[in-house]
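Now for the letters of each chain:
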Amino acid sequence: MPEKTVNIMIGGAAGQGLATVGQLLTKSLIRSGYHVVVRQDYMSRVRGGHNTYIIRASVDEIYAPREAMDFLVALNQETVDLHLNELGDGGLIICDEALDSKGRPGLSISFKDLAPKPIFQNVAALGLLASLLGLDRDVPAKLLTDTFTKKGEAIVKQNHEVLDAAYAWVAEQNAGIEPLAPVPAPVKRLMMGGNEAIALGAMAAGVKFCSFYPMTPATSVAQNLITHGRELGVVVEQVEDEIAAMNMAIGASYAGARSLVPTSGGGFALMTEGVSLAAVAETPLVCVVAMRPGPATGLPTRTEQADLNLVLYAGHGEYPRAIFAPGTVEEAFRLAHRAFDQAERYQSPVFVLSDQFLADSFRSVEPFDTRSLPAPASPLKEWAGEGPYERYAVTDSGVSPRVIPGFSETLVVGDSHEHTPDGHITEDIEMRIEQKQKRLRKGCGLWEDVVAPSYIGPESPDVLLVSWGSTKGAADEAAMDLRADGVQAASLHFSQVWPLKLDQFAAKFDAAKKIVVVEGNATGQFAALLKLAGAQYTGLVLKYDGRPFTPEYIVTALHKSGALEA
Amino acid sequence: MVKIEDYGEFTTSWCPGCGNFGIMQAVRQALLAQDIAPHQFVYVSGIGQAAKAPHYLRSNMFNGLHGRALPVAQAVRLSNTNLPVLVSSGDGCSYGEGGNHFLAAVRRNVNMTLLAHNNQIYGLTKGQASPTTMTGQVTKTQPLGVAATPFNPVAVAVAMKCSFVARSFAGDTEHLAQMIELAMRHEGFALVDILQPCVSFNKINTYAWYKERCVNLPDDYDPTDWSVAMQTADKFGDEIPLGLIYKQDRPSYETHIPQLANGPLAQAATDFDALDRVLEKFV
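None of the values given here were measured: they were computed from a predicted structure. (Residues numbered from 1 in each chain as written. Chains lettered and ligands numbered in written order. Predicted model: local features only at pLDDT ≥ 70, side-chain atom pairs only at ≥ 80, totals over all residues. Heavy atoms only, no water.)

Turning our eyes to something else, we now look at the overall build of chain B. The secondary structure content of chain B amounts to 9 helices and 8 strands. Its C-alpha atoms put chain B at 70 × 45 × 40 Å along the principal axes. Every one of the 283 residues in chain B was classed for burial, and the buried ones make up 60%. In chain B, the share of contacts with a sequence separation of at least 24, taken over all contacts with a separation of at least 6, comes to 72%. For chain B, the accessible surface area stands at approximately 10,900 Å², while carbon and sulfur atoms represent 53% of it. Positive and negative side-chain charges in chain B, numbering 21 and 25 respectively, have mean positions lying 7 Å apart. (Helix = DSSP H or I, 4+ residues; strand = E, 2+ residues; numbered from the N terminus. Buried < 20%, exposed > 50% of the residue type's maximum accessible area, 1.4 Å probe, protein only. Contact = heavy atoms within 4.5 Å. Areas by Shrake-Rupley, 256 points an atom, 1.4 Å probe, with all protein chains shown as cover. Lys, Arg positive; Asp, Glu negative; His and termini not counted. Charge placed at Lys NZ, Arg CZ, Asp CG, Glu CD.)

Set out below in structure tokens:
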């Protein structure tokens, strides 16, 4: 019987083109109608080292990477040596005949014969895999046409020849590999990574300015704004340092441009004085923090969820903020859009926490209906209210009318000091209290606008898995696996991690026998926040080895900890 | 027509006799000469006594953080190229804390004017050495005298071929107003380094000290000659040349960004057709 799911690891050195093979195959699978989850694992090097690109594809919806591989595509010997033990039962190794497959069953290929030049080996590998999986040859062929047409017809033709050779070779082998079960009615989906979705969500919200200093894994947010920004009128400036990035974004926002700052923990550490400035100057700002393991340089290309506290407490002084943590690529799009609305609505910094896993994880996503998105809040261009304009007018909501300068005779002041309602420096006690309370009152509005956590599973579970951010998929699937094993398991995912609104989830906590918080750090930062909000958990599953969660990891950890015993 | 009263009258927190008063008078004169009304420009600053200047002038203003005036100011200008942008910043702010931003701003060449109130001391924090304090000068925090070589902002700016570099003196308001006006009319990043006596904490570089040394550049001085400008910029001793020291006309950064041709960024609506076209690339 054809398989409904496949898990493929492509491994090799940086510079060997494994990401190209991976992306072409991912897109071919998505165009063929499969659901896909990609996990990328790479080293902090330009060439060499050891990287993997792991594609899990399925006829059914899937949410997370899995551990046991069906295929290990080794572009070098190191991949065989390092990952052979990750092949599941019946797993096959696919590699060049020159490599030693250590007696494991698989396909030994003469890439030399399939590809006229080494540059075409990627396409040969794509053809082999697509053919083995049973993808219609026209799908990768059209993809190659789409990809290489701009390089000329000759190149397209050569690519097609290599693809055909690969398909023909597989047909001759009679390798006995079951193809993937076909998708009955393929639906049009997009292939998109987390950071791409954040950039697109920002563009849908009307982002106009982005300043950044390059840092993995945040750079791709800026890169996507650069790639598509000219068409959408986004100005992206690569600046001298992170401090400039944050302050520039604030300046642009003051002048009326919706502003985005993408960075990672190390860069964000430098930006925090500017976060504080955005807060007191009441300037809207969206900051994307793509987390990677720290402290300091840490594991520069790996993943972790350890910067929640940094973002939650970033900047000196006290002020309200909202922190979103998308769990999927779709959420990355929607929450980036929402972040701009909230930033403008509350005239304060709003954060989107991504991480390396989500940033680089391509998924199959339904096309977005961009026209149905609510228009984000907007500033005024002129003061038409009663009395003289006061930028920091004291209001019940704490939100003052925000006018942007240069469009009318209204004078607009922004100030980093404590200030009078009209924006000038003050040391007055009453004024200080009034302005501080006004700013804090914005927190009430943010509180009313919190995105509720999402819940999947039976109503009174024996175990409730609580996750936030990119851990969603693994936690959801772990709960599914447990249910398949007869355990009453549910999952609760927070895509907004601050503010926390207890009445949105207290009932779920009360109904569960055991509540296990699953997060990618060593100290249970979100669990501690839950406790602060008044929610009691019973256990933790933590991971801080720089690699993302898998459902298997969570289930194993639950068994080990005894959390599944009655 | 704009009147000088339009810029308002304010009580300041500056010491009596502070050089900042002369600078603010010159700023008013320069704005008036260009007929720029308070709502027609943005005045940006960082932290320090100089940085309070925008609070003492009716205008659009953004008073940000120490050393960070330039990133804010450049972004304001990039977001709305209809607005002239003026920055008031001290030597500690622009040459110390914000040194990297200063270098980057010179390179980037956004059309704006930096007025560096250079009093060669930290005034607001009561008298520590600044990047421009002279070697050997004794302060409470440098009791053995400053060991470091002073930063020469004018020489650095000329060395980097900053598109407009002038030096003036807070004690000569006419000259200063003229330099500010020239700087604001210049297309590109313009530095006006302003020698400014700190009457409370710098007992060396006083009005008398500067007056004794400051010499206006001769009428036939050619500010487009880089080698001459480097030699002129290097002079800071018995003779301190004042005036437009170096100038190089080149396109400002704004002209390099096609997205800005459509007017202020705040005015641009989201192009959903374009967005949908972009999304199709992900199929």
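Structure's up, so let's keep going.
This next bit is on helix H9 (residues 242-254) of chain A. All names here are of chain A. Between its first and last C-alpha, H9 extends 18 Å over 13 residues, near the 18 Å set by a 1.5 Å rise per residue. The buried fraction of H9 amounts to 13 of the 13 residues, a majority that puts the element mostly inside the structure. Directly after H9, the chain includes Gly256, whose backbone phi takes a positive value near 100 degrees. (Expected span 1.5 Å × (residues − 1).)

Turning our eyes to something else, we now look at the UniProt feature "domain: Thiamine pyrophosphate enzyme TPP-binding" (unreviewed entry) in chain B. The feature "domain: Thiamine pyrophosphate enzyme TPP-binding" (unreviewed entry), as given by UniProt, occupies residues 50-194 of chain B in the numbering adopted here. Counting secondary structure, residues 50-194 of chain B comes out at 33% helix and 20% strand; the distance between its end C-alpha atoms is 11 Å. (UniProt positions renumbered as here; feature names shortened; annotations may be inferred.)

What follows concerns the packing of aromatic side chains. According to the stated counting rule, one finds 19 aromatic pairs over all chains in the structure shown. For the pair Tyr254 of chain A and Phe62 of chain B, a centre-to-centre distance of 5.3 Å together with 65 degrees between the ring planes defines the contact as edge-to-face. Taken as a pair, Tyr254 of chain A in helix H9 and Phe62 of chain B in strand S2 (residues 60-63) lie in two separate chains rather than in one. Taking the relative accessible area as the measure of exposure, Tyr254 of chain A reaches 5% and is therefore buried. Taking the relative accessible area as the measure of exposure, Phe62 of chain B reaches 1% and is therefore buried. (Phe/Tyr/Trp six-rings, centres within 6.5 Å; stacked < 30°, edge-to-face > 60°.)

To continue, consider the pattern of salt bridges. Considering all chains together, one arrives at 38 salt bridges over all chains under this definition. One salt bridge connects Arg68 of chain B with Glu273 of chain A, and the closest N-O pair in it is separated by 2.5 Å. A residue pair is termed interchain when its members come from two chains, as with Arg68 of chain B in the loop between S2 and helix H2 (69-79) and Glu273 of chain A in helix H10 (residues 265-280). For Arg68 of chain B, a relative accessible area of 5% gives the class buried. With its nearest N and O atoms 2.9 Å apart, the salt bridge here joins Asp273 of chain B to Arg371 of chain A. Of this pair, Asp273 of chain B sits in helix H9 (residues 272-280) while Arg371 of chain A sits in the loop between strand S14 (363-365) and strand S15 (413-415), on two different chains. The partly exposed category is assigned to Asp273 of chain B, whose relative accessible area is 46%. Where salt bridges share partners, they join Arg56, Arg66, Glu477 and Asp481 of chain A into one cluster. (Salt bridge = Lys/Arg side-chain N within 4 Å of Asp/Glu carboxyl O.)

The α-helix advances 3.6 residues per turn, and as a result positions three or four apart in sequence lie on the same side. Residues and elements named next belong to chain A. Taking 1.5 Å as the rise per residue, helix H4 (residues 121-132) with 12 residues should run 16 Å; its terminal C-alpha atoms sit 16 Å apart, in good agreement. Among the 12 residues in H4, 11 count as buried, and that is most of the element. Those residues of H4 that sit buried are Asn122, Val123, Ala124, Ala125, Leu126, Gly127, Leu128, Leu129, Ala130, Ser131 and Leu132. Among the residues trailing H4, Gly134 stands out with phi positive, at a value near 85 degrees.

Here the bond from Thr216 of chain A into Pro217 of chain A is cis, since omega is 0 degrees, no more than 30 degrees from zero. The linkage connecting Trp498 of chain A with the following residue, Pro499 of chain A, adopts the cis geometry, with an omega of -5 degrees. A positive phi angle, close to 50 degrees, is found at Ala296 of chain A, a residue other than glycine. Note on placement: Ala296 of chain A falls in the loop between strand S11 (285-291) and helix H11 (308-312). Of note in this structure, Asp35 of chain B is not a glycine but carries a positive phi near 60 degrees. Turning to its location among the elements, Asp35 of chain B is positioned in the loop between helix H1 (19-33) and strand S1 (42-45).

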